[in-house]
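Each chain, written out:
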Amino acid sequence: MTLTRSQFKVLHALSKSADRLSQRTLAGLASLSLGTINKAVQELEKTGCLKDGRITPHGITVLEPFRVQNAIILAAGLSSRFAPISYERPKGVLKVKGEILIERQIRQLREAGIDKITVVVGYKKEYFFYLAAKYGVSIVVNSEYATKNNSWSLWLASSSLSNTYICSSDNYFVENPFERYVWKAYYATEFAHGATEEWCVTTGSANRITGITIGGNDSWIMLGHVYFDQAFSQAFKAILEQEISNPETDSKLWEDIFKDHLAELNMEARHYPSGQIKEFDSLDELRDFDESFIENVDSNIFDNISEVLGCDRSEIRNVYPLKQGLTNLSCHFTTDSGEWVYRHPGIGTELLIDRSAEHSALKLAKELSLDTTFLYMDAGRGWKISRFIPNARQLDPHDPVDLKRAMQICRELHATDRKVDRSFSFITETERYKSLLTEKAEIEIPDYRELSEKFDELAGFIEADQARVCLCHNDFFSLNFLIDQYDHYNLIDWEYAGMGDYANDFGTFAVCCQLDGSEVDQALEFYFERKPTPEEHRHNLALIAFAGWCWYNWSLLKEAEGDAVGEWLYIYYRYAVTYLDQSLNLYKGEVRR
């Protein structure tokens, strides 16, 4: 028997009640007119689905194709917008109004009779493992969560797609939205008044989603859970199978794929009242919903902030992530005493960075007025609090004024007789990164062995120069300068600071600021306040090559650990190979033709 939508609604309403329901009550439950209810009831009674106002065993059988089979909860993401709490634990395991988000959702699913639940985990996956024992859920691990979007998570669980709820671990449903039987595939939507940056839908006949735009005005927006019926699941799996091997798919949400195939995928928009579905895109948004959240959340980060700044947790507000660096995570926040930045050490940085030496360098930089932003750092664990500079600009290395000032600061730093208890050499750092790399796997990059041999030769020339050793920043480039409204230049991020070859900073600056040949020559003149000697010139070119080579090996290590370095990998490589032969030829007295 094929059901109409009205017949389905009547059977569905009756399946949830053991009592005989009047047609007026059914009309209210099914959101249908009395006339439509009367007609549907008569049709269902004729087919044996209803008797005496109650659903029959045959009616239950007829409903069976619409039964929800299972649910997939996506929980692999970083939730970077929820900094700094997401640095400590996944958003889905936060406790909101006394309940852990993902547990509340699992309980709501089970209340609707949905016991087969798969949780796809990735970031801090171990925080979710307990759910298998506590609720009997299945765990699927997405080991590529850092480089692939949730389309990959759904692909990993695609064998479970049938009549399936697709959920996000961090949603909070004020009222349970899940049902034992569902008519067809839908995406939950809520009306947004005014301008919005959310995903907006337009619909056609039977509320089918016919268009999706990112951003709009006075629109129904995609928010919360989704339901795939069997037909949608089969069609979507076929499309996903074709697209998942395309590298461009790595960055896509599964909704992007849906958006690209609307004509092939039949899904309706199901409208929910405003306020029923919560996603909590920011910490302040969650605090508006649960006023006691900040006070109750188990967070070492908030404890650290409160202790250092001498403030109550309730003062911490306006929290948002800043552009993340290659080694750390940072977020902005305000208190009654001002605006601040919290720096959280990235995964694996304890293998690469001496935090005690960084702490010493930071204190020295503040004393020398090179970094007036620094407030406090925990030398053992690596977290740091700094003053936030509003409306700051970064140094433009291609502007002669900024370039000259950067070289002056470099010279001022090198002129100090202050020391820290750490040495830094691009030669020894490179060897350390190479050693860590080979522990993971043999390096099989085509030109790697040849380059290594050439850099060993260059290292001998550099060491024979016996260049001046002084305090160096060793990560000296434009992104680590903050220039305030009074034109004061702050040199920040002293993680690699140590005693080393004075040309370390010039090498890093030339590579990371991507200076061209004429800018390299100009910067050297700014640094020396004169033309460099031939010996000074070749030595600094050699350090450009070695800076590129060192950071190239560092990038290979980060990539091997699962962190995407992106275009920097090639930038480092390009400067390494470009300046390698130039400097070797100068040391050997050879003229390039």
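Please refer to the structure placed before this passage.
Before going into details, it helps to say that this report is about the structure given with it. (Residues numbered from 1 in each chain as written. Predicted model: local features only at pLDDT ≥ 70, side-chain atom pairs only at ≥ 80, totals over all residues. Heavy atoms only, no water.)

This part is about the overall build of the protein chain. Within the protein chain, the secondary structure is distributed over 21 helices and 22 strands. Counting only C-alpha atoms, the protein chain reaches 100 × 55 × 45 Å along its principal axes. Taking as baseline every contact in the protein chain between residues at least 6 positions apart, the subset at least 24 positions apart corresponds to 72%. When the accessible surface of the protein chain is split by element, carbon and sulfur atoms take 48% of a total near 26800 Å². Positive and negative charge centroids in the protein chain, built from 63 and 88 side chains respectively, lie 6 Å apart. (Helix = DSSP H or I, 4+ residues; strand = E, 2+ residues; numbered from the N terminus. Contact = heavy atoms within 4.5 Å. Areas by Shrake-Rupley, 256 points an atom, 1.4 Å probe, with all protein chains shown as cover. Lys, Arg positive; Asp, Glu negative; His and termini not counted. Charge placed at Lys NZ, Arg CZ, Asp CG, Glu CD.)

Look at helix α19 (residues 517-528): 17 Å from first C-alpha to last across 12 residues, which is about the 16 Å you get at 1.5 Å a residue. At its buried positions, α19 is contacted by α15 (400-415), α18 (503-512), α20 (534-560) and α21 (568-588). Remark: E529 follows α19 within two positions and exhibits a positive phi of approximately 60 degrees. (Expected span 1.5 Å × (residues − 1).)

Let's shift gears to the packing of aromatic side chains. Summed over the entire model, instances satisfying the criterion amount to 42 aromatic pairs. Judged by centre distance (5.0 Å) and plane angle (85 degrees), the rings of Y527 and F528 are edge-to-face. Residues Y527 and F528 agree in their burial class; the two are buried. Through a chain of ring-to-ring contacts, the aromatic side chains of Y448, F455, F546, W549, Y552, Y570 and Y573 assemble into a single cluster. The ring of Y186 has R270 lying over it, and the distance from NZ or CZ to the ring centre is 4.0 Å. R405 extends its terminal NZ or CZ atom over the ring of Y489, reaching a point 5.7 Å from the ring centre. (Phe/Tyr/Trp six-rings, centres within 6.5 Å; stacked < 30°, edge-to-face > 60°. Buried < 20%, exposed > 50% of the residue type's maximum accessible area, 1.4 Å probe, protein only. Lys NZ or Arg CZ within 6 Å of the ring centre and 35° of its normal.)

This next bit is on the pattern of salt bridges. Using the criterion set out here, one finds 33 salt bridges in the structure. The shortest N-O distance in the salt bridge between E144 and K148 comes to 3.3 Å. Using a relative accessible area of 30% as the deciding quantity, one classes E144 as partly exposed. With a relative accessible area of 17%, K148 lands in the buried category. E457 serves as the salt-bridge partner of K588, at 3.0 Å between the closest nitrogen and oxygen. Taken together, the residues span a long stretch of sequence, with K588 in helix α21 and E457 in helix α17 (residues 448-465) at a distance of 131 residues. Among the charged side chains, a salt-bridge network with shared partners connects E99, E103, R104, R107 and K134. (Salt bridge = Lys/Arg side-chain N within 4 Å of Asp/Glu carboxyl O.)

Bringing the nonpolar core into the picture now. Among the nonpolar cores identified, the biggest contains 80 residues, and L458 and F509 are the most heavily contacted of them. In terms of residues, this core owes the most to one element, α20, which gives 14 residues. The next biggest cluster of nonpolar side chains, apart from the first, holds 29 residues, and it includes V120, L161, W254 and L262. (Core = buried A, V, L, I, M, F, W, Y, C linked by side-chain atoms within 4.5 Å.)

This paragraph deals with the sheet that holds strand β7 (residues 138-141). Spatial strand order, β7-β6-β3-β8-β11-β10-β12: 7 strands in an open sheet with mixed pairing. In this open sheet, the two strands that pair with only one neighbour each are β7 and β12 (268-272). The mean angle between the axes of side-by-side strands here comes to 35 degrees, regardless of whether they run parallel or antiparallel. Pairing analysis gives 5 bridges linking strand β3 (residues 70-75) to strand β8 (residues 164-168), with the strands arranged parallel. Bridge pairing in β8 links A71 to Y165. Those strands touched by helix α6 (residues 101-111) are β3, β6 (117-121) and β8, and its axis lies near 170 degrees from that of β3. (Pairing = 2+ DSSP bridges. Axes fitted to C-alpha atoms, helices over the stretch in contact; angles between N-to-C directions.)

Another point: the pairing of strand β10 (residues 186-203). It is a general feature of regular strands that their side chains alternate between the two faces of the sheet. Relative to strand β11 (residues 209-228), β10 runs antiparallel, the two being bridged by 15 bridges. Opposite A192, over in β11, you have S219 as the bridge partner. Two strands pair when backbone bridges link them, and β10 and β12 are joined in this way by 5 bridges, in the parallel orientation. Looking across to β12, one finds that A188 is bridged to R270.

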